[in-house]
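Notes for the structure review
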There are 2 protein chains.
Amino acid sequence: MLTRRKEQEIMVVATQTLEELCINSIRFLAIDAVEKAKSGHPGLPMGAAPMAFVLWDRLLRFNPKNPKWFNRDRFVLSAGHGCMLQYALLYLSGYDSVTIEDIKQFRQWGSKTPGHPENFETPGVEVTTGPLGQGIANGVGLAMAEAHLAAKFNKPDAKIVDHYTYVILGDGCNMEGVSGEACSLGGHLGLGKLIALYDDNHISIDGSTDVSFTEDVSKRFEAYGWHVQHVEDGNTDLEAIHKALEAAKAVTDKPSFIKVTTTIGYGSPNKANSADAHGAALGKDEIKLTRDNLGWEYPEFEVPKDVLNHWRKAIERGENLETEWNKTFADYKHKYPEDTAVFEQYLSGKLPTDWDQALPKYSTSDKAIATRKTSEATLNALAPVLPQLIGGSADLAHSNNTLLKGYGDFQKGQYQNRNLRFGVREHGMGAICNGIALHGSGLIPYCATFLVFTDYMRAAIRLSALSQAGVIYVMTHDSIGLGEDGPTHQPVETIASLRAIPNLTVIRPADGNETSGAYKVAVEYANQHRPTLLIFCRQNLPQLAGSSIEGVTKGGYILADSEGTPDIILISTGSEVYMCVEAADKLSAEGKKVRVVSLPSWELFDKQSAEYRESVLPKSVTKRLVVEAASSFGWHRYIGTEGAMISVDTFGVSAPGPVALEKFGYTVDNIIAKAKELG
Amino acid sequence: MLTRRKEQEIMVVATQTLEELCINSIRFLAIDAVEKAKSGHPGLPMGAAPMAFVLWDRLLRFNPKNPKWFNRDRFVLSAGHGCMLQYALLYLSGYDSVTIEDIKQFRQWGSKTPGHPENFETPGVEVTTGPLGQGIANGVGLAMAEAHLAAKFNKPDAKIVDHYTYVILGDGCNMEGVSGEACSLGGHLGLGKLIALYDDNHISIDGSTDVSFTEDVSKRFEAYGWHVQHVEDGNTDLEAIHKALEAAKAVTDKPSFIKVTTTIGYGSPNKANSADAHGAALGKDEIKLTRDNLGWEYPEFEVPKDVLNHWRKAIERGENLETEWNKTFADYKHKYPEDTAVFEQYLSGKLPTDWDQALPKYSTSDKAIATRKTSEATLNALAPVLPQLIGGSADLAHSNNTLLKGYGDFQKGQYQNRNLRFGVREHGMGAICNGIALHGSGLIPYCATFLVFTDYMRAAIRLSALSQAGVIYVMTHDSIGLGEDGPTHQPVETIASLRAIPNLTVIRPADGNETSGAYKVAVEYANQHRPTLLIFCRQNLPQLAGSSIEGVTKGGYILADSEGTPDIILISTGSEVYMCVEAADKLSAEGKKVRVVSLPSWELFDKQSAEYRESVLPKSVTKRLVVEAASSFGWHRYIGTEGAMISVDTFGVSAPGPVALEKFGYTVDNIIAKAKELG
């Protein structure tokens, strides 16, 4: 293999066709930008330029002047370190988001060309990649979104949803478990419009993949149920790439995996096919040699006019494509006004009017139930009024209580259904939901597992927060209170670790009304492209007097109060709030002035005015007892210097939930005792 | 398929052989224990009992009376929810750790039979499983440990290291990405003594795996380079199971994957082959029907004497096996005294004398270098004196600087080497290192990636902490200071999220001496079965006056001080400490009394006496400025009510490291300004 490649890489192109020049224009923009920044990854753009050119020039349907055109094909560079490939494509194709000046500012403060592709910085970038394996998993989500919308809206005589999702991924992506999880599901679902190009260059940061990655990747994808092809010479055989892409499109009942064997750093005489080309500037001398070798006569950052003109045909093509689609849509609108209304509502960026009126409300006479069940009730109350809501669980649907009753399973050929069955694939689930959210079509994805298993999917949750993906995370079994499953399943530090993530709003409701409040925030935030993580318990909880949707939206509020300034404030969240209410009742009966503050969300509370926060937690009241069945980590800001907390600062233990809670001090009596210790 | 299974499951056994009774003894112990606890998972033990019986009765080499016998085969129940299978096996085979009383206490407070297998609770359990996919990945680590020790110590005429690692895993394990990562590497490494039995029962919590998991698992393992077999009737065909296991053992250059098709809840007339048998007690009536169906005439928790006698032959077998090994070892000891000394040192549970004398020491005249490089220097200084040290990186060896120079790559046929090449498989890497540590042979595994990618492997890190696995995590590129790679690669909340994990010690050293201090703690902790996570930076840092190994071992110490009580304390960690020292110098020149506290590890500092902590951070000094290039989350306990922090509470940004640091306020001037604001 290496020998053959070595030959290819020294094959200097004598007379270049326009297409070859187009491909080299990608290569040298990448080379020059990385060299100027003295930072970045030239190797992938140099090797993957031919497949990217064929795809973008001959197949990809997009409109550079309207990067958000709904029916565009989605393109994902899962190997995000090769982002100069994508920036070059955006610039060359005529997007306004990336100018030649932006490329010169590659990886600089405030630029549109950051070190990895960021959808929130650069129009034309669909998802945020770089953490390996995420992009291909996002691609599965994008393709699922397309399949769902197509099944829901398309008519035999009017296909308004009809696009492909193309992904370029590398060796690193294929080594990551998250890609395996998502691709296994993608194969199961038969996502025929998902096409992945595997940049098979056999080099990763540590050198040849021979040191750690010798599996038969194509065979693995066959095992997943994908349609698999191999382009043996991805460096020069444009027609083979094109043919493979066409063949992939022709297979409509399976996703397609095209292994395209390439040479990393193609064209660099001394660095091609080595890790030297992967993640550092080639250097002045090697760049000169590469220019000579590839016959590229142009100074840095210059693309010859003919070449740019060819690339820029994308603008007219794109305009035509959108115009054509507009006609299709106009026809659809005429024939199917009701569907159109729903479709337009999805795309409007707004939620249906009065959707929140469907949120269940509870009174103290309602029975005690677990918040995972009030969550179920809420999801099912919202399902009819929020048709955008689509989601499911990582094989815990009946434990997480996440099934939308009567809305069927999203399966091959049943893409109109709304219950997603992720299998035991938490990480893939999160990344898929990011893809669904970032499809940008108004869908609100939710996904669920046991709270402790957010550890499996944390990288995806972080990317929801970073890349503005409006995902709702529904996490149940939230403390030692889950009982017998024991410490492997009992979250302790998990809540703290999630509260620490910027842009992620964590809400732990105390009862039914607070559950409704949590969903009110979560749905609104999803609509505003912000993720929310909801935390629910397994054990039954009473419906509390004074709990409210509005209270939750403020993050924290006074649930029960004394007259005048309290002697002590009990601060609590979720399943421990009711215990605090009972303790406060007893303490009050003894003459103590006790306030109970329910604080379901730190992030929401921090957003309130200083006055409001002071009214809930006056600085002067320093005797504060925090009660949460979790780690004290992070709570000191509320505890203050004279407060205390009943916390779990070790791992949990296998025992029935009530026993575990009691042993760790979560009883009304212990709350009373600790409160009295504070004075 | 289902039809055939249905037939099997109603095949009532008329006259039972002793072996069938042995198998049913597992089933009914599981059924009865789950019923008594009203909690647990009977389905897997009922279906997997035949394969477990064949393995434990006919092949597994172990000594029930010495669960820690070095050369035992390792058995891992990766599908940990089926733990009653393992407890039944331990009890039946005669381990002292699990009595019939313990089984009656299944999942109760303080029992030896928790809800998932926990190595730290139950002798005979090798690793902690339950979070799916971890056990099989641990198994890869166990097999790597065996391969390494065998290559290092065995002689043609004396094999003192010679055991198999057997794993039972289920559908859930096979859906998780972590298992794919580890098994791909296991195939690459050709771990011939790793044998996995896949309990292919087609049922997970949500019901039939048809809803989400229809890939060809066997083909996937073939693609990984495993030897793959299929036992079509795992319910009754004991000889087929036995034959497959023998065939697996005969393949010495590949790990083996045996798909054993079984019926979950085998024997239960109404619940077999359904999710009802998975995770809940069968219920009194169904248990009666199951007893009838399987012809099990014995009351709950009773195992007939003949059956128990047969099982208990394991005791004599085990004693003989150990005696035999002792002879081999005595012979080895005689012939190879030097190797024996090293081997015994490994197994002694102690570190080599004076190992820590090898830790590099630095003075202020030494050049400024990044702590990732002082980490490299330390690893390489320790490599000769700590032959137990073995590890590597997730394809970032040259960025994490983790190569042990001159110690070769651990590869197929080169298992004596010490540089592990994990590929881009962070999660698998962590779980593999847990396996290596829990092999219990003194090996000290370390593993590395960029700090932000601890998110990918967090579930494994948590299990290190929970299951007392002495792993050293070497995490580099620790802040926005890494620069151009941008927010996807820049940790912000990551340090806080790791500090929150119980039993995990996090250390962020400020220079070379502190790096040595960090490794001093990490190696000692690893030896004490505790994980440590070390955090290193990418940018160069000066060697500080007053920094010390001893200081690090205390977690926090005074690095620079004023005379008398300071007006203000600057508290810092890692790459920001030197800035605080410079700021303190300038403030001192202006007449301020400033103390600089280096606080590389909260966990270590919290372990010090109250007096020591007060001497470093006197309560009376409330003007405190914390400087750490990370989230403020959790810092309030040190900041106090009158302090402040220069923190990063949003995601980072792509820009050169110095620019990013400056923009976020990490400059000497800004530290001075903020310090002055405090008064």
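Residues numbered from 1 in each chain as written. Chains lettered and ligands numbered in written order. Predicted model: local features only at pLDDT ≥ 70, side-chain atom pairs only at ≥ 80, totals over all residues. Heavy atoms only, no water.

**Quick word on the pairing of strand E13 (residues 532–535) of chain A**
All names here are of chain A. Side chains Thr532 and Leu534 of E13 all project onto a buried face; the interleaved residues Leu533 and Ile535 project onto the opposite face, where all are buried too. Relative to E13, strand E11 (residues 472–476) runs parallel, the two sharing four bridges. Among the inter-strand pairings, Met475 is bridged to a residue of E13, identified as Ile535. What joins strand E12 (residues 505–507) to E13 is helix H19 (residues 512–527), and the crossover it makes is right-handed. (Buried < 20%, exposed > 50% of the residue type's maximum accessible area, 1.4 Å probe, protein only. Helix = DSSP H or I, 4+ residues; strand = E, 2+ residues; numbered from the N terminus. Pairing = 2+ DSSP bridges. Right-handed = clockwise from strand over helix to strand, strands pointing away.)

**Observations regarding the packing of helix H21 (residues 577–589) of chain B against helix H26 (residues 668–677) of chain B**
All names here are of chain B. Running from N to C, H21 and H26 cross one another at 60°; their axes reach a closest spacing of 9 Å. The pairing of H21 with H26 is recorded here as oblique in orientation. The handedness of the crossing between H21 and H26 is right-handed. For the pair H21 and H26, the contacting residues are Met579, Cys580, Glu582, Ala583, Lys586 and Leu587 in the first and Val668, Ile671, Ile672, Ala675 and Lys676 in the second. Here the residues of the contact of H21 with H26 sort into eight nonpolar, no polar and three charged. (Axes fitted to C-alpha atoms, helices over the stretch in contact; angles between N-to-C directions. Parallel < 35°, antiparallel > 145°, perpendicular 65-115°, else oblique. Left-handed = near helix turned anticlockwise from the far one by under 90°. Contact = heavy atoms within 4.5 Å. Nonpolar A, V, L, I, M, F, W, Y, C, P; charged D, E, K, R; others polar.)

**Notes on the relation of the copies chain B and chain A**
Of the transformation superimposing chain B on chain A, the axial component is 0.0 Å and the angular component is 180°, with the fit at an RMSD of 0.0 Å. A rotation of that kind, with that shift, is consistent with a two-fold axis. A shared interface surface links the copies, since 100% of the contact residues of chain B are contact residues in chain A too. (Least-squares fit on C-alpha atoms with pLDDT ≥ 70 in both.)

**Some thoughts on the interface of chain B and chain A**
Contact with chain B, which involves 96 residues of that partner, is made by 96 residues of chain A. Together, the buried faces of chain B and chain A total about 8,000 Å²; carbon and sulfur atoms form 59% of this surface. Here Asp455 of chain A makes a salt bridge to Arg458 of chain B, at a shortest N to O gap of 3.0 Å. Taken together, chain B and chain A are joined by 49 residue pairs in polar contact (both at pLDDT 80 or more). For the side of chain B that touches chain A, the per-class residue count stands at 40 nonpolar, 30 polar and 26 charged. (Buried area = accessible area lost by both parts, 1.4 Å probe. Salt bridge = Lys/Arg side-chain N within 4 Å of Asp/Glu carboxyl O. Polar contact = N/O pair within 3.5 Å; in protein donor to acceptor, adjacent residues only side chain to side chain.)

**Thoughts on the sheet that holds strand E14 (residues 557–560) of chain A**
All names here are of chain A. In space, the five strands of this open sheet follow the order E14-E16-E15-E17-E18, with mixed pairing throughout. Because the sheet does not close on itself, it has two edges, and the strands there are E14 and strand E18 (644–646). Pairwise comparison of adjacent strand axes, ignoring direction, gives a mean angle of 30° for this sheet. Of the pairings in the sheet, the one linking strand E15 (residues 568–572) to strand E17 (residues 624–627) comprises four bridges and is parallel in character. For Leu570, the partnering residue across the bridge sits in E17 and is Leu625. Running at roughly 155° to E17, helix H26 (residues 668–677) makes contact with E15, E17 and E18 of the sheet.

**Focus: the domain arrangement of chain A**
In terms of domains, chain A is made up of domain 1 (4–318), domain 2 (355–535) and domain 3 (555–677). Here domain 1 of chain A and domain 3 of chain A have C-alpha centroids that lie 53 Å from each other. (Domains from an automatic or database assignment.)

**Examining the confidence of the model for chain A**
Residue and element names in this part refer to chain A. Per-residue confidence for chain A averages 96 on the pLDDT scale, and 98% of its residues sit at or above 70. Counted against residues more than four places away or in other chains, residues 1–14, with its pLDDT under 50, gives 28 contacts. Across the assembled chains, the prediction reports ipTM 0.97 with pTM 0.97. (pLDDT = per-residue confidence, 0-100.)

**Some remarks on the pattern of salt bridges**
For the structure shown, the criterion picks out 69 salt bridges over all chains. Connected through salt bridges with shared partners, the residues Glu19, Arg58 and Glu239 of chain A form a single ionic network.

**Quick notes on the sheet that holds strand E8 (residues 389–393) of chain A**
The pairing of strands in a sheet comes from backbone hydrogen bonds and takes either a parallel or an antiparallel form. All names here are of chain A. In space, the six strands of this open sheet follow the order E9-E8-E10-E11-E13-E12, with parallel pairing throughout. The sheet is open, and its two borders are formed by strand E9 (419–421) and E12, each paired with just one other strand. Pairwise comparison of adjacent strand axes, ignoring direction, gives a mean angle of 20° for this sheet. Across the sheet, H19 touches strand E10 (444–450), E11, E12 and E13, and the angle it forms with E13 is around 160°.

**Considerations on the state of the cysteines**
Tallying each qualifying case throughout the model produces zero disulfides over all chains. You can see Cys173 of chain A has no disulfide; the closest cysteine sulfur is in Cys183 of chain A, sitting 9.5 Å from it. (Disulfide = S-S within 2.5 Å.)

**Description of the nonpolar core**
Ranked by size, the top nonpolar core spans 100 residues in total, and within it Leu570 and Tyr666 of chain A together with Leu570 and Tyr666 of chain B carry the most contacts. Excluding residues that lie within four positions of it along the chain, Tyr666 of chain A makes contacts with Ile480, Glu576, Met579, Val627, Glu628, Ala629, Ala630, Ile646, Ser647, Val648 and Leu661 of chain A. (Core = buried A, V, L, I, M, F, W, Y, C linked by side-chain atoms within 4.5 Å.)

**Details of unusual backbone geometry**
All names here are of chain B. One non-glycine residue with positive phi stands out, namely His202, at about 65°. Mapped onto the elements of the fold, His202 is located in the loop between strand E3 (194–200) and strand E4 (203–204). With relative accessibility at 23%, the residue His202 sits in the partly exposed group.

**Overview of helix H4 (residues 83–93) of chain B**
Residues and elements named next belong to chain B. Within H4, 11 of the 11 residues are buried, leaving the element largely enclosed by the surrounding structure. For H4, the set of buried residues is Cys83, Met84, Leu85, Gln86, Tyr87, Ala88, Leu89, Leu90, Tyr91, Leu92 and Ser93. In the core, the buried residues of H4 are packed alongside helix H2 (18–37), helix H3 (43–59), strand E1 (74–77), helix H5 (100–104), strand E2 (165–169) and helix H12 (305–335). Where H4 ends, the next residue or the one after it, Gly94, has phi of about 100°, a positive value.

**Comments concerning the packing of aromatic side chains**
The relation between two aromatic rings is expressed through the spacing of the ring centres and the mutual angle of the planes. Per the stated rule, a full pass over the model turns up 69 aromatic pairs over all chains. Summarising the aromatic geometry, the rings of Tyr332 of chain A and Tyr336 of chain A are spaced 5.2 Å apart at their centres and angled 50° between planes, so their arrangement reads as tilted. Exposure remark for Tyr332 of chain A: the relative accessible area of 0% places this residue in the buried category. Measuring from centroid to centroid gives 5.1 Å for Phe153 of chain B and Phe343 of chain B, while their planes differ by 70°, and the two rings are edge-to-face. Highlighted residues: Phe153 of chain B in helix H6 (residues 134–153) and Phe343 of chain B in helix H13 (residues 337–347), separated in sequence by 190 residues. The residues Phe153 of chain B and Phe343 of chain B share a single accessibility class, namely buried. (Phe/Tyr/Trp six-rings, centres within 6.5 Å; stacked < 30°, edge-to-face > 60°.)

**Describing the environment of His188 of chain A**
Relative to the assigned elements, His188 of chain A resides in helix H8 (residues 177–189). Since its relative accessible area comes to 9%, His188 of chain A is described here as buried. Each C-alpha atom, one on His188 of chain A and one on Ala397 of chain A, is 18 Å from the other, the two residues being 209 residues apart in sequence. Aside from chain neighbours lying at most four places away, what touches His188 of chain A is Tyr224, Gln411 and Lys412 of chain A together with Asp210, Val211, Ser212, Phe213 and Thr214 of chain B.

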